[in-house]
Amino acid sequence: MRKRIILCSLLTLIFAAPLIALIGRIQSVRAAADPLTGSGSYTGYPLPPGAMGELQQINQQIDKTEAQTLKMINTDMSSMVQIQTLGKLQLFDRSLSVNKNEACSTCHMPTAGYTGASQTLNETTVAYPGSVMGRFSGRKPQSYSYATLAPVLHYNTTQQDFYGGNFWDMRATGSRLQSPSAEQAQGPPTNPVEMGLPDSACVAYRIVKGQYESLFTKVWGPTIESIQWPANAEKICSTPAGAGGVGPQLSLSAEDRTRANTVYDQFGLSIAAYEGSNTVNAFTSKFDAYLANNAQLTSQEMHGYQLFNGQAKCNTCHLSGNASGATGGAPADVAPLFTDFTSSNLGLPKNMSIPYYYENRPDQYGFVANPMGVAYVDMGVGAFLSGAQGSPVPDSEWMQLAPKFDGKMQVPTLRNVDQRPYPGFVKSYMHNGYLKSLKEVVHFYNTRDTMCATPNDPNVKKTCWPAPEVTANEDPTVGNLGLSDQDENDIVAFLQTLTDGYTTSNPAVTAKIQHNIREIRKNMQQQEARSSTPSRSHASAN
């Protein structure tokens, strides 16, 4: 550990010169790629070759899913299925972005475990472009698979740790709507580098003008129909945010602003209802079948499972239903979530392939995504708790804890971690996508503490690793596990048993899922009485 910290400054100096040259080349490419202005003005980071074609294919799949789901509107559905169907339509609705070209699902496709389904972007930029092409966020799209099972963010004084929330930095706390997933869903539509609507009320406006307004009214009542929209509403909602991340706001009366905010809450709760459904939280993996005595793990998978709970220490954070070290006996949880809903800093190196590090000057709208440029350091949960990101911190006493959580990111579930559109498809892993396969992930956990002599060491990711982006609060549990190459492969084999779809259903866990849905339905009854809150126009959704 001491060697890693001492080498950080040296590695920064060694890396600086080639990085400056790289930035210059990138800026030259950007300027040359501006045929509309002829002046070389900055229009954002260019897409890697091949990415546009993949994004178009993804959006074609989204449009197909939306069209199929729209057919359900006039069918006989229970109230539960109605709200889930509404949430699905919202997730697959590209009109809910400023340029009507990006849905929530553009970055969260079912075939990729509800994360990014562009192999080109996974291999290169990691982050996905927003509705305003050329704008990228700073992190990998996080899967929302099983995310609805996270509790409202809270601090456990005994464990001295935070539990719950959504997003890599936990800032979708759930404290306002009592649903972290609902509050997470409210982030991307108004994030300038994602779906990019300038005003949260534009969501209500686009729904009213869309194809499923009747279903929204059936689920939530007539509030959305009562809003009086200004004549220039479409123009406002089609204008991206500019300087300071601020865009034009719809001119609404106080009463209509309250109604629009209520609709925005209903929008988030509908999405959470779908994300909490059996479709997304299926519990139909081979491992679930094994727990139900309906399948047998191979000898390799079983050995990987034993290592997961023992020498590899994976179970320390990714709870498998057995105590760490257990290799047999009945599991304590028949539907383990493979997360403990805390956060951790694993010492990942900075991923300089993410465009966010180079978005440090105004684009054609005057928007600057990252004024700090390459000097930016992602502090994760610590940045949220400090208030530096602008997201509200529910408890002011939490802010003094921020330094203890610098560099920490939410521990994700490992369910569907290997789900992919086709064999050989490249996914990116961890919050910054630095690792490109499960083998690399396990190898990193196993050998992280072995430092490379230089950032350009030919053995990077093989026998050594670059310095971590954040050295504070680094998790000492992993890093030197002593696993063999075969051990690593066996753990990967076990992780592959966590992909849903091995069986068609798992009735044993239905009650666990339905509990969350009932809580969401309870919130439905509270919306009309909700008092006016400020427009949530500039939420960040990384």
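**Q** I'd like a description of the side chain of Asn446, backed by residues and values.
**A** Its place among the elements puts Asn446 in helix α13 (residues 438-447). At 3.0 Å, the side chain of Asn446 and the backbone oxygen of Leu483 are in polar contact. Beyond its immediate stretch of four places on either side in the chain, Asn446 contacts Gly479, Asn480, Leu481, Gly482, Leu483 and Glu488.

**Q** Give me the packing of aromatic side chains: which residues, what numbers.
**A** Counting across every chain of the model gives 23 aromatic pairs. Taken together, a centroid distance of 6.2 Å and an interplanar angle of 25 degrees make the contact between Tyr45 and Tyr358 stacked. Residue Tyr45 is located in the loop between α1 (2-32) and α2 (51-70), and its partner Tyr358 is located in the loop between β3 (343-344) and α12 (381-386); the two are separated by 313 residues in the primary sequence. Overall, the relative accessible area of 2% leaves Tyr358 in the buried class.

**Q** Explain empty space enclosed by the protein residue by residue, including any values.
**A** Enumeration according to the criterion identifies three cavities of 30 Å³ or more in this entry. Of the volumes computed, that of the second largest cavity is approximately 60 Å³. Taken together, Leu91, Cys104, His108, Tyr144, Gln184, Ala185, Pro188 and Glu275 form the lining of the second largest cavity. Across the lining of the second largest cavity, the residue classes tally to five nonpolar, two polar and one charged.

**Q** Any chance you could break down the nonpolar core for me, citing the residues and the numbers?
**A** By size, the foremost hydrophobic cluster in this structure holds 60 residues, and its most contacted members are Ile207, Tyr212, Trp229 and Leu250. For this core, the secondary-structure elements that each account for two or more residues are α2, α3 (79-91), α5 (180-185), α6 (201-208), α7 (213-220), α8 (233-237) and α9 (254-275). Discounting residues that sit within four places of it in the chain, Tyr212 has contacts with Leu70, Ile73, Leu86, Leu89, Gln90, Asp93, Leu96 and Ile207. Judged by nonpolar contacts, the second largest core, of 34 residues, contains Val442, Leu481, Leu495 and Leu498.

**Q** Which residues make up the environment of Arg415, and what values go with them?
**A** Positionally, Arg415 belongs in the loop between β4 (409-410) and α13. Note on Arg415: relative accessible area 2%, which makes it buried. Each C-alpha atom of the pair Arg415 and Pro336 lies 9.3 Å from the other, and the pair is 79 residues apart in sequence. Excluding residues within four positions of it along the chain, Arg415 makes contact with Tyr146, Phe283, Ser285, Asp288, Ala335, Pro336, Leu337, Phe338, Leu498 and Asp500. Side chain to side chain, Arg415 and Asp288 meet in a polar contact 2.8 Å long. Within the structure, the side chain of Arg415 is placed 2.8 Å from the backbone oxygen of Pro336, a separation counted as a polar contact.

**Q** Tell me about α3, and please be specific about residues and values.
**A** When the terminal C-alpha atoms of α3 are compared, their 19 Å separation across 13 residues agrees well with the 18 Å that a helix rising 1.5 Å per residue should span. Within α3, burial applies to Gln82, Ile83, Gln84, Thr85, Leu86, Gly87, Leu89, Gln90 and Leu91.

**Q** Can you break down the state of the cysteines residue by residue, with the values?
**A** Summed over the entire model, instances satisfying the criterion amount to two disulfides. Disulfide pairing places Cys452 opposite Cys464 at an S-S distance of 2.0 Å. Around the S-S axis, the bridge from Cys452 to Cys464 shows a dihedral of about 95 degrees and counts as right-handed. Of this pair, Cys452 sits in the loop between α13 and α14 (485-495) while Cys464 is found in the loop between α13 and α14, placing the two residues 12 residues apart along the sequence.

**Q** Mind laying out unusual backbone geometry, listing which residues take part and the relevant values?
**A** With the exception of glycine, most residues fall at negative phi, and the peptide bonds are largely trans. The backbone of Phe167 shows a phi angle near 80 degrees, a positive value even though the residue is not glycine. Counting through the fold element by element, Phe167 comes out in the loop between β2 (161-163) and α5. The buried category is assigned to Phe167, whose relative accessible area is 6%. The residue Lys313 is not glycine, and still its phi comes out positive at about 60 degrees. Mapped onto the elements, Lys313 comes out in the loop between α11 (299-309) and β3. Judged by its relative accessible area of 38%, Lys313 is partly exposed.

Cut-offs used in this document
Residues numbered from 1 in each chain as written. Predicted model: local features only at pLDDT ≥ 70, side-chain atom pairs only at ≥ 80, totals over all residues. Heavy atoms only, no water. Helix = DSSP H or I, 4+ residues; strand = E, 2+ residues; numbered from the N terminus. Polar contact = N/O pair within 3.5 Å; in protein donor to acceptor, adjacent residues only side chain to side chain. Contact = heavy atoms within 4.5 Å. Phe/Tyr/Trp six-rings, centres within 6.5 Å; stacked < 30°, edge-to-face > 60°. Buried < 20%, exposed > 50% of the residue type's maximum accessible area, 1.4 Å probe, protein only. 1 Å grid on protein atoms, 1.4 Å probe; cavity = no way out; pocket = protein on both sides within 12 Å on 5 of 7 lines; lining within 4 Å. Points joined across faces, edges and corners; volume = space filled by probe spheres on them. Nonpolar A, V, L, I, M, F, W, Y, C, P; charged D, E, K, R; others polar. Core = buried A, V, L, I, M, F, W, Y, C linked by side-chain atoms within 4.5 Å. Expected span 1.5 Å × (residues − 1). Disulfide = S-S within 2.5 Å.

Such coordinate-based values are descriptive only and should not be taken to indicate function.
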